[in-house]
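# Topology and contacts: notes
Chain residues, written in single-letter form:
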Amino acid sequence: MTDIPFLSLAIWVPIIGGLLVLATGSDRNAPLARMLALAVAIAGFAVTIPLYTGFDPGTSAMQFQELSSWVPRFNINYHLGVDGISVLFVLLNAFITIIVVVAGWQVIQDKVGQYMAAFLIMSGLMNGIFSALDGVLFYVFFEASLIPLYLIIGVWGGPNRVYAAIKFFLYTLFGSLLMLIALLYLFMESGGSFSILDWHQVPLAIQPQILVFLAFLIAFGVKVPMWPVHTWLPDAHVEAPTGGSVVLAAIALKLGAYGFLRFSLPIVPDAAQQLAPYVIALSLIAVIYIGFVALVQTDMKKLVAYSSIAHMGFVTLGFFMFNTLGIEGALIQMISHGFVSGAMFLCIGVLYDRMHSREIADYGGVVHRMPKFATFFMLFAMANAGLPGTSGFVGEFMVVLGAVEYNFWIAFAAATTIIVGAAYTLWMYKRVVFGKVTNPHVAELEDINGREFAFLLVLALCVLGMGLYPFPFAEVMHASVDELLRHVAVSKL
Amino acid sequence: MNFVVPDFYPAAAEIFVAVMALVIMLASTFARPIARGLAYTLTQLTLIAAAFITIFTMQGEVVYTFNNLFVGDLMGDFLKLLIYFSMAAALVYGRGYLNDRNIDKPEYYLLALLMTLGMMVMVTANHMLPMYLGLEMMSLALYAMVAFDRESVRSTEAAMKYFVLGSFASGLLLYGMSMVYGATGSLEFSGIAQSIHNQAANETVLVFGLVFLVSGICFKLGVVPFHMWVPDVYQGAPTAVTMVIAAAPKLAAFALAVRLLIWALFDLAEQWQTMLMLVAVASIVLGNLAAIAQQNIKRMLAYSGISHMGFVLLGLLAGVVEGDRHFALNAYSSAMFYAVSYVLMSLASFGMVILLSRAGFEAENIDDFKGLNKRSPWFAAMMMFVMFSMAGIPFFVGFFAKLSVLQAVVAANYFWLAVVAVVMSVIGAFYYLRVVKVMYFDAPVDTSPLKAAPAEVRVLLSANGLAIAALGIAPQALMSLCAYALLASL
C-alpha cells in the first residue's frame, strides 16, 4: 500500500476545490466557475479510484487508514479508513458529484459559483462520513453536511422551498443530537475513547444497549428515512433543484443506512437482535404502505421520492435479518438505488427544464417528441421497478432470498413490492410518455441535447452493467459483511 | 497598629487601568477639541498595555495580596485578557455607530474603562467586599452607558429598568453575603470554605445565604427567572452598548460564580447544583422558545443569550457527582470554554447588526438581513458562521462548546438534562436557521451597498467570523487553555 492519503484527498479535494469555486465570485465569472467545478469534481473522482483498485477484498480490516490526533482534550482523532461496506459509497459519491455538476450546467444561471461550491463541499463532507472511524469525526461530517443541502434546497429550490429546507434541517438535527448523547455515553463507557472500532468491543448491559440503539435508530431512521419519520423527504425532494434531489436520493439517504451497519449492529448487537422484529415491521410498512402511497401521487418527483422510501425500506429490512444475503443484497440495493433514483430525478429534471411542470397530468405523448429521452427513461423506470437485467433486480432479489431464509411470510410481504413497484413506476411512465399529445407545450418539446445524452448514457451503462455483472460490487463487500455478521452474533452482555 | 506595605505587583494591571481612567478624564477635560479621538485612542492603548502588564505579571501559582483581599491566579489572568479583548473589540465595533448618532463622547470611553476596571476587580477578588465593589463599579458604569443616548426614550427606559433590577440584585447579593458572614464569621473565600468544611457554620443561615448569592449570580448572568431585564436592555440600549453588555460581563459573572460557588461554597455543591439545575433548564427552555417569536434581532439574540448562559450553568453544575469531585475540572473548564465561545459569537453577531446599521437607520429587525447574500456574500457567510455556531453545528466553535458541556453532563450521569438540552437546541436551531433563511433565500429589500461601516469594523468582523470557524476546526488550544487556567485555581 502506498502512503498517499487517498481518503483525505477524497474529502479535501472537493472541499478546497469548492472554496476555490466560491472565490470566483459573481455570476460574471459563471463559465469559469462551471469549468473549475467540473475539473474539481473529476479530480475528486480520480483520487477515489485508487481506493477501489488498491482495495484488498480478502480482508475485513479497515484499509487506507489515517490516524492523527485532532482534539486530544477529548481524545478525538482524525481517524479515517474504509472497509468493504464503505468503500463503494465513497466512489459512488464522487461519481454522482460529476453527474450533478454536469446536470446543473445550463439549468442554473443564478449564483452559479455558490451552487457548484455547495455541491462540491457537500461531496467532500459525505466522503468524510463514509470514511470516519472516530465517533465525533463522523458526527461532525454528518451534521456539517446538512448546511450545504439546506442552502441548496433553500436558495435554488421551488416555491415552497423555505418550509422544505427548514423541515429537512430540523428533522435531521433532532435525530443526530440524540445520537450525540449516545456517542458521549459510549465515550464514557469505553473509558474515554471515541474510536468506533473500540466501541465495537465495549461490553454493555442490555438496558443501555437498548437506549443507545434507540438513539441511533432515531438518528439514522430519520436520515434513511424510515416510516413514520419520512415526511421530510417528499417535501425536500419536491422543492430541491434537480441536482439537490439527485444527491439527496443517491447519497444522503445512504448515510442513515450506512450508520446502521457501522454503529447500531456492531456496537449494540444484543439490542439490535432483540429489537429487530420492530425494525423489520417498520421496514415492511415502508415497503408496502409507502408503495401504495407512491401509486396515487400526481407529482412525478413526489412519486419517485416515495418510491425511494420504499426502496430504502428494503435496505433496512435486509440489514435486520442478520444473514449474508440480506445485508449484501441491501448494500447492492443501496448502490443500485444511487444510480437509479439519481437517474430518475435527472429524467424528471430534463422534463421539468422544458415544461416547468412536474404534474403527470400535464404530460402525455412525450415519446413522439423525445424518442431518445423516452428510451433512457424506459430503462430507468424498469430498473426502478426491479426488472431482471437491471441493477434494481439484483439487490431486491437477494434481500427477498435472505428474507425467505429468515421467515417466509416476511419474504412474501416484501416481494409484493415487486408488483407494486412495477405498478407505480410503469403506470407513471405510461401516462407521461405514451398516449396522444394533449398538451400543446408537449408538442413543442425538443429531445435531449448532447450534454443530457452523455450523463444519461453513463448512468444507463452503470445500471445495466451492475444488473448483468454485479460480481465486482459483491466481491468487495464480502469479507467485511461476513466479519460484521460474526461480530453481531457474539453477545456483548 | 502595624502598617504593612502590600505587594502591589500582582495588581499592577488594575492599578494601571485605574490611573489611566483618571488620566483620560483629565485629558478629555483639558483638551476639549480633540477629546473624542484622544479618549478613544487612549482607551484602546490602555487596554493593550493592560494586556501586556497582565501577561508580564502572570505567575504560575496563586498569590494573595492586600491582606488576602486580592488573588492573582491563572484563571483571573486569563479572564482578564479576554475581558480586555472583548472590550477593545466592542469599542472598535461601536465607534462608528456612536459617531453616526452623535453620542461619540469621551465619557463613553471613560465609562468603558471604569467598567473594565470593575470587572478586573471582580475576577481577582478573594473576599466578598472587593467582589461587591467590583460588581457595583461594573454595573454603575453599565447603567450610564445604556442611557448614553439620552434623547432616546427607549434607551432611557432600558437604563432605568436595568438600574432598578440591577440594584435589587445587588441587594440580594449583599444580603446573601451578610448571611454567609453571619454563618461562617468570614468574608474571605478561603475562610468561608474552611468554616463550612469544619462544620462550624450554621447550616440554615448558610443555605439561606446561598439562595441569595445564587440569585445574584443568576441575575448577572441573565438567566431565568432573573432574566426579565435582558431582552429589554439588549433591545433598548444602543447596539454598541448591547454588545458591551453581551460580552465581557458574562466572563466576569462566570468568575463571580467560580469564586463564590466553587471557592467559597464548594462543600455546599449538592445544594447549589440543584438550584442551578432548575435555573439552567428553565433558561434553556424559555430562552429558546421565546427567541422563536422575536422579530427584533437584538431581542432574539438576548433570548438566545439566556439559553447559552443556561448551557454555561450546565457545565458548572456537572462538577460534583454524589460527592465525587473527580469530574470538577472537566466540567468547569467546559463551562468556561462555553462562556468564552459565547463571547466570541456574541461579539460577531452584534457586530453584524452594527455593520448593517447606518446614520438614521437601525438594522435591528431580522428582516433587515433580507437578501444579504446578494448585497455582500462575504458578510452573509460570516453571519451564517455565527448563526450555525450558535446553533451548535460543526465545523464551528459552538459545536465544541456544546460537545464539551454535554460531555460533562453525561459524565455526571444527568442524561435527562442532556436530552432536555439537546431537544431545546433543535428548537433553538429554528430561529438561527431563520436568519440564514432571510439572508440567503429572500430577496433584498434594502439594496444599498454596505459601504457605511468603516474599514476597521469590516476587518474585525471578518477576523471574528473566521475565528469562529478556525476554533471550530482546531478547538484544542483554547480548550486546554481553559482547563489549564482552572487547574491552577481549583
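Residues numbered from 1 in each chain as written. Chains lettered and ligands numbered in written order. Predicted model: local features only at pLDDT ≥ 70, side-chain atom pairs only at ≥ 80, totals over all residues.

## Considering the overall build of chain B
Assigned secondary structure in chain B consists of 20 helices and two strands. For chain B, the C-alpha radius of gyration of 22 Å lies close to 23 Å, the compact-globule estimate for 490 residues. Along the longest, intermediate and shortest principal axes, the C-alpha atoms of chain B span 70 × 60 × 40 Å. Across chain B, the fraction of contacts at a sequence separation of at least 24, relative to all contacts at a separation of at least 6, is 79%. (Helix = DSSP H or I, 4+ residues; strand = E, 2+ residues; numbered from the N terminus. Rg over C-alpha atoms; globule rule 2.2 N^0.38 Å. Contact = placed C-beta atoms within 7 Å.)

## What to know about the overall build of chain A
For chain A, the count of helices and strands is 22 helices and two strands. Burial status across chain A gives 62% buried among its 493 residues. In chain A, the share of contacts with a sequence separation of at least 24, taken over all contacts with a separation of at least 6, comes to 81%. (Buried ≥ 20, exposed ≤ 12 C-beta atoms within 10 Å, placed from the backbone.)

## Some points on the pairing of strand β1 (residues 63–71) of chain A
All names here are of chain A. In terms of strand pairing, β1 meets strand β2 (residues 76–82) through six bridges, oriented antiparallel. Looking at β2, one finds that Gln 63 is bridged to Val 82. If you look at the hairpin formed by β1 and β2, you'll find four residues sitting between the two strands, and Asn 75 has a positive phi there, around 55°. (Pairing = 2+ DSSP bridges.)

## Some remarks on the packing of helix α14 (residues 328–356) of chain B against helix α20 (residues 476–489) of chain B
Residues and elements named next belong to chain B. One can describe the packing of α14 onto α20 by two numbers: an axis separation of 9 Å at closest approach and a directional angle of 125°. One way to sum up the angle between α14 and α20 is to call them oblique. Note on packing geometry: the crossing formed by α14 with α20 is right-handed. Seen from α14, the contacting residues are Leu 329, Tyr 332, Ser 333, Met 336, Phe 337 and Val 340; seen from α20, they are Leu 478, Met 479, Cys 482, Ala 483, Leu 486 and Leu 487. When grouped by side-chain class, the residues that make up the contact of α14 with α20 number eleven nonpolar, one polar and no charged. (Axes fitted to C-alpha atoms, helices over the stretch in contact; angles between N-to-C directions. Parallel < 35°, antiparallel > 145°, perpendicular 65-115°, else oblique. Left-handed = near helix turned anticlockwise from the far one by under 90°. Nonpolar A, V, L, I, M, F, W, Y, C, P; charged D, E, K, R; others polar.)

## Comments concerning helix α13 (residues 297–317) of chain B
Look at α13 of chain B: 30 Å from first C-alpha to last across 21 residues, which is about the 30 Å you get at 1.5 Å a residue. For α13 of chain B, a buried count of 21 out of 21 residues is recorded, marking the element as mostly surrounded by other parts of the structure. (Expected span 1.5 Å × (residues − 1).)

## Brief notes about the nonpolar core
Counting residues in hydrophobic clusters, the biggest one holds 414 residues, and the most contacted among them are Ile 181 and Phe 380 of chain A together with Met 122, Val 146, Ala 252 and Val 409 of chain B. Ranked by residue count, the leading element in this core is α14 of chain B, at 20 residues. Excluding residues within four positions of it along the chain, Val 146 of chain B makes contact with Ser 155, Ala 158, Ala 159, Tyr 162, Val 233, Ala 237 and Val 241 of chain B. (Core = buried A, V, L, I, M, F, W, Y, C linked by C-beta atoms within 7 Å.)

## Remarks on helix α1 (residues 6–22) of chain A
All names here are of chain A. Given a rise of 1.5 Å per residue, 17 residues ought to cover 24 Å, and the 24 Å separating the end C-alpha atoms of α1 matches this to within 8%. Approximately 30° is the largest bend angle found in α1, and it occurs at Trp 12, with the proline Pro 14 only one to four residues beyond. Taken together, the buried positions of α1 are Phe 6, Leu 7, Ala 10, Ile 11, Val 13, Pro 14, Ile 15, Gly 17, Gly 18 and Val 21. Taken together, the buried residues of α1 touch α2 (30–46), α3 (49–53), β1, β2, α4 (87–103) and α5 (112–131). (Bend = angle between axes of the 7 residues up to and from the residue.)

## Considering the interface of chain A and chain B
Taken together, the contact pairs 26 residues of chain A with 24 residues of chain B. Within the residue set of the side of chain A that touches chain B, elements represented by two or more residues are α6 (135–144), α7 (146–156) and α8 (161–189) of chain A. No other element matches the 15 residues that α8 of chain A contributes to the side of chain A that touches chain B.

## Overview of the confidence of the model for chain B
Taken over all residues, the pLDDT of chain B has a mean of 88, while the share at 70 or more is 98%. As scored by the predictor, the complex reaches a pTM of 0.91 and an ipTM of 0.87. (pLDDT = per-residue confidence, 0-100.)

## Brief notes about the packing of helix α16 (residues 377–391) of chain B against helix α19 (residues 455–473) of chain B
All names here are of chain B. Between α16 and α19, the least distance of the axes is 9 Å, while the angle of their chain directions is 40°. What the angle tells us is that α16 and α19 run oblique. Here the hand of the crossing between α16 and α19 comes out left-handed. Contacts between α16 and α19 involve Met 382, Phe 385, Val 386 and Ser 389 on the former and, on the latter, Leu 461, Ser 462, Gly 465, Ile 468, Ala 469 and Gly 472. For the contact of α16 with α19, the per-class residue count stands at six nonpolar, four polar and no charged.

## Points about the environment of Ala 383 of chain A
Residues and elements named next belong to chain A. Relative to the elements of secondary structure, Ala 383 occurs in helix α17 (residues 371–385). Separated by 182 residues in sequence, Ala 383 and Gln 201 have C-alpha atoms that sit 40 Å apart. Ignoring any residue separated from it by four or fewer positions in sequence, one finds Ala 383 in contact with Val 340, Thr 390, Ser 391, Gly 392 and Val 463.

## Concerning unusual backbone geometry
Backbone torsion omega between Trp 227 of chain A and Pro 228 of chain A reads 5°, so that peptide bond is classified as cis. Here Pro 228 of chain A lies in the loop between α10 (206–223) and α11 (232–239). A cis amide bond links Val 224 of chain B to the next residue, Pro 225 of chain B, at an omega of 5°. You can see Pro 225 of chain B is positioned in the loop between α8 (203–221) and α9 (229–236). Phi at Phe 64 of chain A is positive, roughly 55°, even though this residue is not glycine. With respect to the secondary-structure elements, Phe 64 of chain A resides in strand β1. By the C-beta count within 10 Å, which is 23 here, Phe 64 of chain A ends up buried. A positive phi angle is found at Asn 75 of chain A, which is not glycine, with a value near 55°.

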